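A closer look at the structure
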Amino acid sequence: MSKTNQGRFFEDYQVGQVIAHAVPRTVAEGERALYHALYPARHALYSSDEFAGACGLEGSPVDDLIAFHVVFGKTVPDVSLNAVANLGYAEGRWLQPVYPGDTLRSLSEVIGVKQNSNGKSGVVWVRTRGLNQRDEVVLEYVRWVMVRKRDAQAPAPETVIPELASALTAEDLVIPAGLDFSGYDFVQAGEPHRWGDYAVGEKIDHVDGVTIEEAEHMLATRLWQNTAKVHFDATNRPDGQRLIYGGHVISLARALSFNGLANAQMIVGLNAGAHANPCFSGDTVRAWSEVLDKAETAAPGVGAIRLRLVAVKHGAGDFALKGEDGKYLPDVLLDLDYWVLMPM
């Protein structure tokens, strides 16, 4: 009997199934250093203990997306090892900051299944929670993936499609305890633009671009212990290319958004996300954002702003997203809808 893990296939999932993922990960300053080396990430709250302390936190947390990648990476061997594609996200919330020294683990519940009409694959919905060493939930989100079937003749399960919120409201967002932007240092943060300077409907070209290198994306994906075959094994795809991990594109675009959104400090909500087209080594990634909504919060000096972050392969200046047929244009890599906290 083989002792190796072949991963789950579509027929292995049942609604209500709870999966405890291996292996717990203690996050250290090394993750932050590598993250900032891999991406041009430089938001002040995640770069300086002094800056974070002046904003009411106990110190500088690790970047929100470090927590996301660590929690996400643990789920791959159980959820998406045999995935055809990661299709989307919803109802994501960062519930409390993660600090160096915290140990994270992941737990997922299957909340939906639907076999595709070709009978060769199906869509699986899971709600994943990241917990720390005190069993506190630090992050939760829903994602759905298309997964291959082991046996195309296996009977289709009863279809269950979960009802998911199209977007989080400002009331759904959790503001970190003690967060206070009333004495925010705009000079140290890098830009003067505050919550009131942004208008709903405004679009921002983040200007800069980064060309993705093969070694960098594989190093990043290994850092998060993401084992999906398509990111490493060039023989796993008919075109002989390694697919760039979608989270790598998310982090790259978020880091690029510093230019124009330097004060969009903390990610607290993930409304939706689509990896619109595949990304490969050699692609140059640029980004633009659109302001979708704004809200006040009860925390002193803290406003919430909802953004659409779009990553594209080439120029971002025309803000093009979809064609007349309603489909994403071929150069669009990422369409991410999320909430961040910003000084008012």
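For clarity, every value in this text was computed on a predicted model and none was experimentally measured. The numbering scheme is per chain: residues are counted from 1 as the chain's sequence reads. The model is predicted, so local features are restricted to residues of pLDDT at least 70 and side-chain atom pairs to those at 80 or more, both for listing and for counting; the totals for chains, interfaces and linings are taken over all residues. Note: side-chain values were computed over all heavy atoms of the structure, leaving out hydrogens and water.

1. Some points on the overall build of the protein chain
Across its full length, the protein chain holds seven helices and eleven strands. Against the globule reference of 20 Å for 344 residues, the protein chain gives a C-alpha radius of gyration of 20 Å, in line with a compact fold. With respect to the three principal axes, the spread of C-alpha positions in the protein chain is 65 × 50 × 40 Å. We call a residue buried when its accessible area falls under 20% of the maximum for its residue type, exposed when it is over 50%, and partly exposed in between, using a 1.4 Å probe and counting protein chains only. A burial count over the protein chain gives 52% of its 344 residues as buried. Each helix is a run of DSSP H or I of at least 4 residues and each strand a run of E of at least 2, with the numbering of both proceeding from the N terminus. Radius of gyration means the value over C-alpha atoms here, while the globule rule gives 2.2 Å times the residue count to the 0.38 power.

2. Thoughts on the layout of surface pockets
A cavity here means a set of 1 Å grid points, computed over protein atoms only, where a 1.4 Å probe fits but cannot escape. A pocket is an open set with protein on both sides within 12 Å along at least 5 of 7 lines, and lining residues have an atom within 4 Å of a point. Grid points are joined across faces, edges and corners, and a volume is the space filled by probe spheres set on the points. The computed volume of the largest pocket comes to approximately 570 Å³. Lining the largest pocket are 32 residues; nearest its centre among them are Val84, Ala85, Asn86, His231 and Leu243. Only α3 (64-79), β3 (83-94), β6 (137-148) and α6 (246-256) provide two or more residues apiece to the lining of the largest pocket. Looking at which element gives the most residues to the lining of the largest pocket, the answer is β3, with six residues. Residue classes in the lining of the largest pocket are distributed as 18 nonpolar, ten polar and four charged. Each residue gets one label: Ala, Val, Leu, Ile, Met, Phe, Trp, Tyr, Cys and Pro are nonpolar, Asp, Glu, Lys and Arg are charged, and the others, such as Gly, are polar.

3. Structural notes on the nonpolar core
Nine residue types can take part in a nonpolar core, namely buried Ala, Val, Leu, Ile, Met, Phe, Trp, Tyr and Cys, and a core is a set of them joined through side-chain atoms within 4.5 Å. Counting residues in hydrophobic clusters, the biggest one holds 58 residues, and the most contacted among them are Tyr39, Phe68, Trp224, Val285, Ile305 and Tyr338. A per-element tally of this core places α3 first, with eight residues. The contacts of valine 285, once residues within four sequence positions are left out, are Asp208, Gly209, Val210, Ile212, Leu252, Leu256, Cys279, Ala311, Val312, Lys313 and Leu333. Among the nonpolar cores identified, the runner-up in size contains 23 residues, and Leu45, Phe51, Leu173 and Ala295 belong to it. Contacts are assigned to residue pairs that have any heavy atoms within 4.5 Å of one another.

4. Quick word on α3
In a regular helix each residue adds 1.5 Å, so 16 residues correspond to 22 Å; α3 covers 22 Å between its end C-alpha atoms and thus fits that length. With 15 of 16 residues buried, α3 lies mostly within the body of the structure. Multiplying 1.5 Å by the helix residue count minus one yields the expected span of that helix.

5. Details of the packing of aromatic side chains
Each aromatic ring pair is specified by the distance between its two centres and by the angle formed by the two planes. Centre distance within 6.5 Å is the pairing criterion for rings of Phe, Tyr and Trp, where only the six-membered ring of Trp is used; planes under 30 degrees apart are then read as stacked, over 60 as edge-to-face, and the remainder as tilted. All told, the structure shown has eleven aromatic pairs when counted by the stated rule. Seen from their ring centres, phenylalanine 51 and tyrosine 184 are 5.3 Å apart, and the 85 degrees between their planes marks the pair as edge-to-face. Here tyrosine 184 lies in the loop between β6 and α4 (186-189) and phenylalanine 51 lies in helix α2 (residues 49-54), a separation of 133 residues in the sequence. We classify phenylalanine 51 as buried; its relative accessible area is 5%. Geometrically, the ring pair formed by phenylalanine 72 and tyrosine 245 is tilted, given 5.6 Å between the ring centres and 40 degrees between the ring planes. Highlighted residues: phenylalanine 72 in helix α3 and tyrosine 245 in the loop between α5 (214-223) and α6, separated in sequence by 173 residues. Neither residue differs from the other here; phenylalanine 72 and tyrosine 245 are each classed as buried.

6. Remarks on helix α1 (residues 29-38)
The set of residues buried in α1 consists of Glu31, Arg32, Tyr35 and Leu38. Down the axis of α1, the buried side of the element spans an arc of 135 degrees, and every buried residue falls inside it. Those residues of α1 that are buried lie in contact with β2 (25-26), α3, α5 and α6. What the arc covers is the set of directions going from the helix axis to the C-beta atoms.

7. A closer look at the pattern of salt bridges
A pair is scored as a salt bridge if a Lys or Arg side-chain nitrogen falls within 4 Å of a carboxyl oxygen belonging to Asp or Glu. This model, assessed by the stated rule, comprises 14 salt bridges. For the salt bridge of arginine 8 with aspartate 78, the shortest nitrogen-to-oxygen distance reads 3.0 Å. Taken together, the positions of arginine 8 in the segment before β1 (18-20) and aspartate 78 in helix α3 put the pair 70 residues apart, joining distant regions of the chain. Residue aspartate 78 is classed as buried on the basis of its relative accessible area, which comes to 15%. Between aspartate 12 and arginine 150 there is a salt bridge; the shortest N-O distance is 2.9 Å. One end of the pair, aspartate 12, is in the segment before β1; the other, arginine 150, is in the loop between β6 and α4, with 138 residues separating them in the sequence. Residue classification places arginine 150 among the partly exposed residues on the basis of a relative accessible area of 49%.

8. Re the side chain of lysine 74
Of note, lysine 74 is situated in helix α3. Put simply, lysine 74 is tucked away with no salt bridge, and the nearest opposite charge, on glutamate 31, sits 8.6 Å away. A distance of 2.6 Å separates the side chain of lysine 74 from the side chain of glutamine 225, its partner in a polar contact. Dropping the residues within four chain positions of it, lysine 74 is found in contact with His21, Ala22, Val23, Pro24, Arg25, Leu104, Ser106 and Gln225. Positive: Lys, Arg. Negative: Asp, Glu. His and the chain ends are not part of the count. Any pair of N or O atoms that falls within 3.5 Å is considered a polar contact. Within protein, one atom must be able to donate a hydrogen and the other to accept it, and sequence-neighbouring residues count only if both atoms are side-chain atoms.

9. Observations concerning the side chain of serine 121
On the secondary structure map, serine 121 appears in strand β5 (residues 121-131). Residue classification places serine 121 among the buried residues on the basis of a relative accessible area of 5%. Only 2.8 Å separates the side chain of serine 121 from the side chain of asparagine 116, close enough to count as a polar contact. Discounting chain neighbours no more than four positions away, the residues touching serine 121 are Gln115, Asn116, Met146, Val147, Arg148 and Lys149.

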